[in-house]
Amino acid sequence: MRRIDFGREYVQLKGPVKLRLDVRSMCITVIFLAAIIAISLFSLMVGTYKVSVMEVFSALFGDLTGFKRTVVIDWRLPRVVAAIVFGAGLAVSGAIFQSITRNPLGSPDILGITSGSYTGALVVMLVFKSMSFASIAVGALIGGFATALMIYLFAFRKGTQGFRLIIAGIAISTILGSANSMLLLQSEAEMALTAGAWGVGSLNGLDWTHVLPVIVLVLVLLVFAMFLNRPLREMELGRDAAQSHGVHFERTQLLLIVVAVALTASATAIMGPVTFVALAAPQIALRFTKTAESLIPTATMGALILLSADVVAQRIIPETVLPVGVLTLSLGGLYLTWLLFRQARSAA
């Protein structure tokens, strides 16, 4: 026999299957998802070639043929799906790093993972002279993991501590930024312009051939991250408390870092380094839900931020499609300034 107990914020289902559901988080997640669906429909409808909402649904369900189906399915839908999935991946990656470092500044942008992925892509483009999409993606993945390994080794001393991770990440990020500038300055003008444009972060020109394999990879990583959510929260209680609950602290922490790096590097491999999403999405979701027990609201917030930013970037200047990274970088600078100001006031 099942019994439902209604508390202030949770619904506890007791019986053969026990579930503890955060009602507030569920409601906020549903609102985020509704906003994502609405903005996705708008993005599929609006553009140089207008499509009605009924035609969008007809195209999605396979009832529409011809040029309008090409516009919706082949041109616009890959961009929308990539924004949703990669935004969710960046947000979850940021949430993992912020939890491990116990610091709202502990995101892939600040730690240098994004810069490392960019360095890997630049080496492929400018040193090996390869503009192949697959080789650039592999270079970005290798660069991201190599950077994460360096940060982990520098920060490891009788257990990895969040403060050392952030300091090591900032130092390595600065070095990589200088290396990236040197690579661009010493390369041919045409190659440097192409690499520099990719480094802004953009969803322009994506098609299913490019994005589908990485989308599947990111979705698998997101599911894996959700399974690691419980040990992640137990680790926030401290090493002793986590180990008393059966969590192997160092091994689980390393596994979480690998998942977070893979999420960031995968997204960066497709669209280039896009800042702000991994930094801000976990904190914004936390302020809406008032709890960090689940990664799902964070994932939906990240998807909503990147999708919204891309829609605005396409239309903020008439007849000009800006890279989404330009908009997120501007917003990220404002957010980082506010966050530092807020932390300074709380510490005073």
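Predicted model, so just to flag it, every value in this text is computed and none were measured.

Two side chains that carry opposite charge are able to pair once their charged atoms sit near each other. Across all of its chains, the model carries four salt bridges by this definition. The residue arginine 79 makes a salt bridge to aspartate 310 at a minimum N-O spacing of 2.7 Å. Linking arginine 79 in helix H3 (residues 67-101) with aspartate 310 in helix H14 (residues 296-315), this pair joins segments that are 231 residues apart in sequence. Aspartate 310 matches arginine 79 in its accessibility class, with the two residues each being buried.

A few words now on the side chain of threonine 298. Along the chain, threonine 298 turns up in helix H14. If near-sequence neighbours (up to four positions away) are discounted, threonine 298 is found in contact with Ala91, Val92, Ala95, Ala281, Pro282 and Ala285.

So, about empty space enclosed by the protein. A complete count under the given rule lists one cavity of 30 Å³ or more for this structure. Approximately 60 Å³ is the volume found for the largest cavity. Residue composition of the lining of the largest cavity, grouped by class: eight nonpolar, no polar and no charged.

So, on to the layout of surface pockets. Put simply, the second largest pocket is a space of about 480 Å³. Sorting the residues of the lining of the second largest pocket by element identifies H3 and H14 as the ones contributing at least two each. With six residues, H3 is the single largest residue contributor to the lining of the second largest pocket. Here the lining of the second largest pocket is composed, by residue class, of eleven nonpolar, seven polar and four charged.

Reading guide: rules and limits
Residues numbered from 1 in each chain as written. Predicted model: local features only at pLDDT ≥ 70, side-chain atom pairs only at ≥ 80, totals over all residues. Heavy atoms only, no water. Salt bridge = Lys/Arg side-chain N within 4 Å of Asp/Glu carboxyl O. Helix = DSSP H or I, 4+ residues; strand = E, 2+ residues; numbered from the N terminus. Buried < 20%, exposed > 50% of the residue type's maximum accessible area, 1.4 Å probe, protein only. Contact = heavy atoms within 4.5 Å. 1 Å grid on protein atoms, 1.4 Å probe; cavity = no way out; pocket = protein on both sides within 12 Å on 5 of 7 lines; lining within 4 Å. Points joined across faces, edges and corners; volume = space filled by probe spheres on them. Nonpolar A, V, L, I, M, F, W, Y, C, P; charged D, E, K, R; others polar.

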